[in-house]
Amino acid sequence: MEGRDNNGFIGDNSPSIAGQFRWNTPTPSNGVTPGVALTDVELAGGKTVHRIAPPEDTARSGTTTSIPAQTGAERDQWGKGVEFLMSCIAMSVGLGNVWRFPFVALENGGGAFVIPYIIVLLLVGKPVYYMEMIIGQFSSRGSVKVYDMAPIMRGVGYGQILSTTIVTTYYASLMATTLRYLFDSFQSILPWAVCDDSWVASCIPSGARNASIASDLNDTVALSNRTSSAELYFTKVVLKELDGIDDGIGLPDLRLTLFLVLSWSLVFLTLIKGVKSSGKASYFLALFPYVVMTVLLIRACTLPGAVDGIVYFLKPQWDKIYDPKVWYAAVTQCFFSLSICFGNIIMYSSYNKFRHNVYRDATIVTSIDTFTSLLAGCTIFGILGHLAHVTGKTDVGNVVKSDAGLAFISYPEAIAKFEVLPQAFSVLFFLMLFVLGIGSNVAMTSCVMTVIKDQFPRVRNWQAATIIAVCGVLLGSIYVTPGGQYVLKLVDYYGASSIALVLAIAELIAIGWVYGVDRLCKDTEFMLGHRPNLYWRLCWRWITPLLMFVILIYNLITLEPLMYKQYVYPTIAYQIGWCIFTFGLLQLPIWAAYAVYKQSGKSLNEKIKNAFKPTPAWGPLDPATHYEYKKFIDEH
């Protein structure tokens with residue numbers, strides 16, 4: 001570790017935090033370290049006392065023993081603290097904000113969803129985000145190795161990696177769809193802005209000037225029964241969507257498959273460069289999307305009827321607020337929006353310098369993420385309000401179907417209404433959407449890569465990236481078939497949303513109860529120089545796990561068969577879904593049994609007790625800091 005920053009810590013460029021511990025390990029000019037020069041930190045007086053003497057056990061024998069050097073390859077670190085912040089923004093602010101948040105809000109009553117989402121953010125999102133940043137930075141371990149703090153809970157990490165892998169597969173397919181729209185945006189007339197000849201009897205052109213005369217096209221069909229050309233283009237041209245999957249899902253679409261390969265190729269090129277190069281790219285990945293979103297929001301607000309849609313989004317429907325399903329949707333959306341409980345945050349923060357101010361970054365990222373979700377929601381619902389005005393519908397919630405295609409229907413609808421250079425805005429928007437997808441997908445695949453490299457240190461970046469990319473293309477091809485959206489809905493529900501909630505509860509139990517909130521607070525105090533306040537401690541120990549546990553129980557009690565556009569899946573589909581869910585949960589007992597088996601001890605009870613305790617290697621990765629940490633824990 002090299003260099004000294006303004007707060008006295010070695011190798012950290014983060015701003016000074018009042019009350020932080022300060023020490024250094026001077027190295028003689030000859031480059032040889034005969035012993036360990038460490039510092040005792042006296043909390044009561046806030047003063048620093050330097051002690052050059054070796055540890056007590058070696059002093060007695062009259063010999064000097066250096067702390068063992070770190071074994072294995074040096075772990076990568078972010079070039080600057082701001083790169084970590086930007087990367088977290090690029091990871092958390094993604095399709096979950098502009099794609100998933102609006103249609104989840106639409107399914108759950110608009111404003112009735114916003115209030116629970118804000119409450120869940122304060123009681124679940126922020127506490128878990130901060131907790132994962134702390135534990136990742138403190139240990140410098142990935143989302144599986146971090147459970148050296150409680151080996152019996154290591155299955156949580158493996159379950160989260162499974163869930164992350166599942167999300168990564170369909171995330172890339174959404175990026176492929178985005179690329180399809182990006183390339184289509186270069187046509188002289190946006191293809192979704194006009195009605196195809198075969199749709200004209202039931203279609204409303206999405207173009208601004210065409211929409212104004214839509215009622216004159218065909219008086220034999222009620223205007224309220226028509227569908228926008230943007231929605232028809234998405235379902236009939238891009239997806240070639242089937243009416244059901246009873247007879248199979250069909251073969252992958254050639255164009256979407258090529259775009260899927262291109263998407264994974266770009267992710268692959270980013271992965272083989274390592275965390276430092278991805279940190280440089282994070283400036284563009286994090287900032288560019290806001291420019292385009294702001295332009296689209298301004299345009300959406302100028303459309304007739306847009307205010308009604310935004311009011312629908314922001315005005316609470318108090319009767320639906322009491323619906324526990326709305327709260328369940330808020331919790332799962334919080335997971336997706338912030339990327340908590342998937343291992344991504346632990347992985348990213350593990351590349352931080354040990355003294356980096358993660359409290360500041362957690363506050364900034366969670367606030368920006370919420371702002372982005374609301375910004376995207378206002379844009380989407382402003383467009384839906386305009387569509388309700390054009391089609392003559394009074395209920396904004398019934399203008400379009402609330403499924404995964406909402407972002408590929410409503411956003412193109414708005415772009416088609418630009419009277420000046422709609423192609424340019426379309427290219428910018430879908431480039432933005434693709435950039436968002438790249439930022440989030442790189443984070444998820446990096447999480448998987450980190451686990452692979454932690455387990456197999458000799459594996460190179462390009463080797464792990466190649467395996468992930470090839471598997472991603474093969475699995476992702478399922479989602480670019482005519483029945484792909486049905487599979488996406490099924491996998492998202494059983495393999496991501498449901499598992500995420502259960503594993504999040506297990507993670508909070510592992511950190512808050514098995515490892516202990518008190519121990520976590522001591523770690524935070526040692527690392528950042530201040531102890532988390534009562535709000536964080538209450539959330540970590542009681543409020544957050546209890547809230548999620550209650551929602552999980554209610555969701556299981558009121559469980560209903562999953563449907564996609566009122567389509568009931570065949571029995572085999574539900575069986576596959578439950579198998580995915582069960583396999584994810586089985587990681588908990590499987591790895592718990594393995595942890596007990598590997599523990600030292602004369603009896604089974606002793607082995608079980610040891611499996612709940614941190615491993616001897618648990619703590620800061622730097623040897624000198626690790627020694628100071630052990631001394632700090634012993635004294636406190």
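Cut-offs and rules
Residues numbered from 1 in each chain as written. Predicted model: local features only at pLDDT ≥ 70, side-chain atom pairs only at ≥ 80, totals over all residues. Heavy atoms only, no water. Helix = DSSP H or I, 4+ residues; strand = E, 2+ residues; numbered from the N terminus. Buried < 20%, exposed > 50% of the residue type's maximum accessible area, 1.4 Å probe, protein only. Areas by Shrake-Rupley, 256 points an atom, 1.4 Å probe, with all protein chains shown as cover. Core = buried A, V, L, I, M, F, W, Y, C linked by side-chain atoms within 4.5 Å. Contact = heavy atoms within 4.5 Å. Salt bridge = Lys/Arg side-chain N within 4 Å of Asp/Glu carboxyl O. Expected span 1.5 Å × (residues − 1). pLDDT = per-residue confidence, 0-100. Phe/Tyr/Trp six-rings, centres within 6.5 Å; stacked < 30°, edge-to-face > 60°. Lys NZ or Arg CZ within 6 Å of the ring centre and 35° of its normal. Disulfide = S-S within 2.5 Å. Axes fitted to C-alpha atoms, helices over the stretch in contact; angles between N-to-C directions. Parallel < 35°, antiparallel > 145°, perpendicular 65-115°, else oblique. Left-handed = near helix turned anticlockwise from the far one by under 90°. Nonpolar A, V, L, I, M, F, W, Y, C, P; charged D, E, K, R; others polar. Patch = residues over 30% accessible without salt bridge, like charges linked within 9 Å, V, L, I, M, F, W, Y side chains within 5 Å. Arc of directions from axis to C-beta.

Undergrad: Explanation requested: the overall build of the chain in the structure shown.
TA: Looking only at helices and strands, the chain features 22 helices and 6 strands. Counting every position in the chain, which comprises 636 residues, the buried fraction comes to 58%. Roughly 26,100 Å² of accessible area belongs to the chain as shown, and the carbon and sulfur atoms make up 64% of that amount.

Undergrad: Looking at this model, I keep getting lost on the nonpolar core. Mind explaining?
TA: It is characteristic of soluble globular proteins that their nonpolar side chains tend to be buried jointly. If you look at the biggest cluster of nonpolar residues, it comprises 191 residues, and the most contacted ones within it are Tyr-129, Phe-335, Ile-340 and Tyr-569. Per element, the largest residue contribution to this core is 26 residues, and it comes from helix α18 (residues 484-528). Filtering out sequence-adjacent residues up to four positions away, Tyr-569 remains in contact with Ile-245, Tyr-486, Lys-489, Leu-490, Leu-562, Met-563, Tyr-564 and Tyr-574.

Undergrad: Just to check I follow, could you spell out the pattern of salt bridges for this structure?
TA: Side chains that differ in charge, positive against negative, can pair when their charged atoms come close. Taken as a whole and judged by the stated rule, the model has 13 salt bridges. Its salt-bridge partner being Asp-361, residue Arg-360 comes within 3.1 Å of it at the nearest N-O pair. Judged by its relative accessible area of 1%, Asp-361 is buried. Between Asp-523 and Arg-519 there is a salt bridge, with its nearest N and O atoms 3.8 Å apart.

Undergrad: When you look at α18 in this model, what are you seeing that I'm missing?
TA: Since one α-helical turn is 3.6 residues long, residues separated by three or four positions face the same way. End to end, α18 covers just 47 Å across 45 residues, shorter than the expected 66 Å (1.5 Å per residue, more than 12% under). Extensive coverage of α18 is indicated by the burial of 38 of its 45 residues. Downstream of α18 by one or two residues, Gly-529 has phi in the positive range, about 90°.

Undergrad: Looking at this model, I keep getting lost on the confidence of the model for the chain. Mind explaining?
TA: Caution is warranted with low-pLDDT regions, since their predicted coordinates should not be read in detail. In the predicted model, the chain carries a mean pLDDT of 81, and 83% of its residues have values of at least 70. The low-confidence segment residues 209-215 (pLDDT under 50) makes 10 contacts with residues lying over four places distant or belonging to another chain. Confidence drops under a pLDDT of 50 for residues 217-221, and excluding neighbours within four residues, the segment shows 7 contacts in the predicted structure.

Undergrad: In this structure, what is going on with the packing of aromatic side chains? I would like to understand it.
TA: Aromatic rings in a pair are described by how distant their centres are and how their planes are angled relative to each other. Here the structure, examined in full by the defined rule, presents 40 aromatic pairs. An angle of 25° between the planes, with centres 5.9 Å apart, marks the rings of Phe-113 and Tyr-117 as stacked. Pair noted here: Phe-113 and Tyr-117 are both in helix α4 (residues 111-139), with a separation of 4 residues, about one helical turn. Tyr-117 shares its class with Phe-113; the two are buried. Geometrically, the ring pair formed by Tyr-515 and Trp-618 is edge-to-face, given 5.7 Å between the ring centres and 80° between the ring planes. Of the two residues, Tyr-515 is situated in helix α18 and Trp-618 in the loop between α21 (604-611) and α22 (623-635); the sequence distance between them amounts to 103 residues. An aromatic cluster is defined as three or more aromatic residues linked by ring pairs; in this entry it consists of Phe-138, Phe-354, Tyr-515, Phe-526, Trp-618, Tyr-629 and Phe-632. It is Arg-355 that lies over the ring of Phe-526; its NZ or CZ is 5.1 Å from the centre. If you follow Arg-541 out to its NZ or CZ, it ends over the ring of Trp-513, 5.8 Å from the centre.

Undergrad: Explain the state of the cysteines here, please?
TA: Covalent bonding between the sulfur atoms of two cysteines is what defines a disulfide. Counted according to the given criterion, the structure contains 1 disulfide. Across the disulfide from Cys-195 sits Cys-203; the S-S distance is 1.9 Å. For the disulfide bridge between Cys-195 and Cys-203, the dihedral angle about the S-S bond is near -80°, and by the sign convention the bridge is left-handed.

Undergrad: Help me understand the packing of α18 against α22 in this model?
TA: Relative orientation and spacing of two packed helices are given, respectively, by the angle between their axes and the distance between those axes. At their nearest, the axes of α18 and α22 sit 11 Å apart, and the two run at 125° to each other. Here α22 runs oblique to α18, going by the angle between their axes. Where α18 crosses over α22, the handedness of that crossing is right-handed. Along the contact surface, α18 presents Tyr-515, Arg-519, Lys-522, Asp-523, Glu-525 and Phe-526, while α22 presents Thr-625, Glu-628, Tyr-629, Phe-632 and Ile-633. Per-class residue counts for the contact of α18 with α22 are 5 nonpolar, 1 polar and 5 charged.

Undergrad: Would you explain the packing of helix α12 (residues 324-338) against α18 in this entry?
TA: Relative to each other, α12 and α18 sit at 90°, their axes nearing to 10 Å. With respect to each other, α12 and α18 are oriented roughly perpendicular. Judged by residue contacts, Tyr-328, Val-331, Thr-332, Phe-335 and Phe-336 of α12 engage Asp-492, Ala-496, Ser-497, Ser-498, Ala-500, Leu-501 and Ala-504 from α18. A per-class count over the contact of α12 with α18 returns 8 nonpolar, 3 polar and 1 charged.

Undergrad: Can you help me understand the environment of Phe-313 in this one?
TA: Relative to the elements of secondary structure, Phe-313 occurs in helix α10 (residues 306-314). Classification of Phe-313 by relative accessible area gives buried; the value is 0%. If we skip the residues at most four places from it in the chain, Phe-313 touches Phe-101, Ala-105, Gly-110, Gly-111, Val-114, Leu-374, Gly-377, Cys-378 and Phe-381.

Undergrad: Got a minute to help me understand the side chain of Asp-184 in this structure?
TA: Checked against the element boundaries, Asp-184 lands in helix α5 (residues 154-184). Overall, Asp-184 belongs to the buried group, its relative accessible area being 2%.

Undergrad: I would appreciate a short explanation of unusual backbone geometry in the present structure.
TA: Most peptide bonds take the trans configuration, and most residues that are not glycine carry a negative phi. One non-glycine residue with positive phi stands out, namely Ser-140, at about 55°. Within the secondary structure, Ser-140 sits in the loop between α4 and α5. Assessed through its relative accessible area of 13%, Ser-140 is described here as buried. Despite not being glycine, Gln-566 shows a phi value in the positive range, around 65°. Residue classification places Gln-566 among the exposed positions, given a relative accessible area of 69%.

Undergrad: Would you explain a nonpolar patch on the surface in this entry?
TA: Taken together, the side chains of Ile-509, Trp-513, Leu-534, Leu-538, Trp-542, Ile-543 and Leu-546 make up a nonpolar region of the molecular surface, amounting to roughly 640 Å² of accessible area. Put simply, the parts of the chain that give the nonpolar patch at least two residues each are α18 and α19 (534-557). The leading source of residues in the nonpolar patch is α19, at 5 residues. With respect to the helices and strands, the residue Ile-543 is situated in helix α19.

Undergrad: Just checking my understanding: could you explain the environment of Gln-333 for this structure?
TA: As for its placement among the helices and strands, Gln-333 is situated in helix α12. Note: C-alpha distance between Gln-333 and Phe-101 (232 residues apart in sequence) is 6.7 Å.

Undergrad: When you look at helix α8 (residues 254-271) in this model, what are you seeing that I'm missing?
TA: Taking 1.5 Å per residue, 18 residues should reach 26 Å; α8 reaches 26 Å between its end C-alpha atoms and fits that length. Looking at α8, one finds that the buried residues are Leu-256, Phe-259, Leu-260, Ser-263, Trp-264, Val-267 and Leu-271. Buried residues in α8, looked at end-on, bunch into an arc of 135°, giving them a common side. Exposed side of α8, more than 90 degrees from the buried face: Leu-254 and Leu-258 are the residues found there. At its buried positions, α8 is contacted by α5, α7 (229-238), α16 (422-455) and α17 (461-476).

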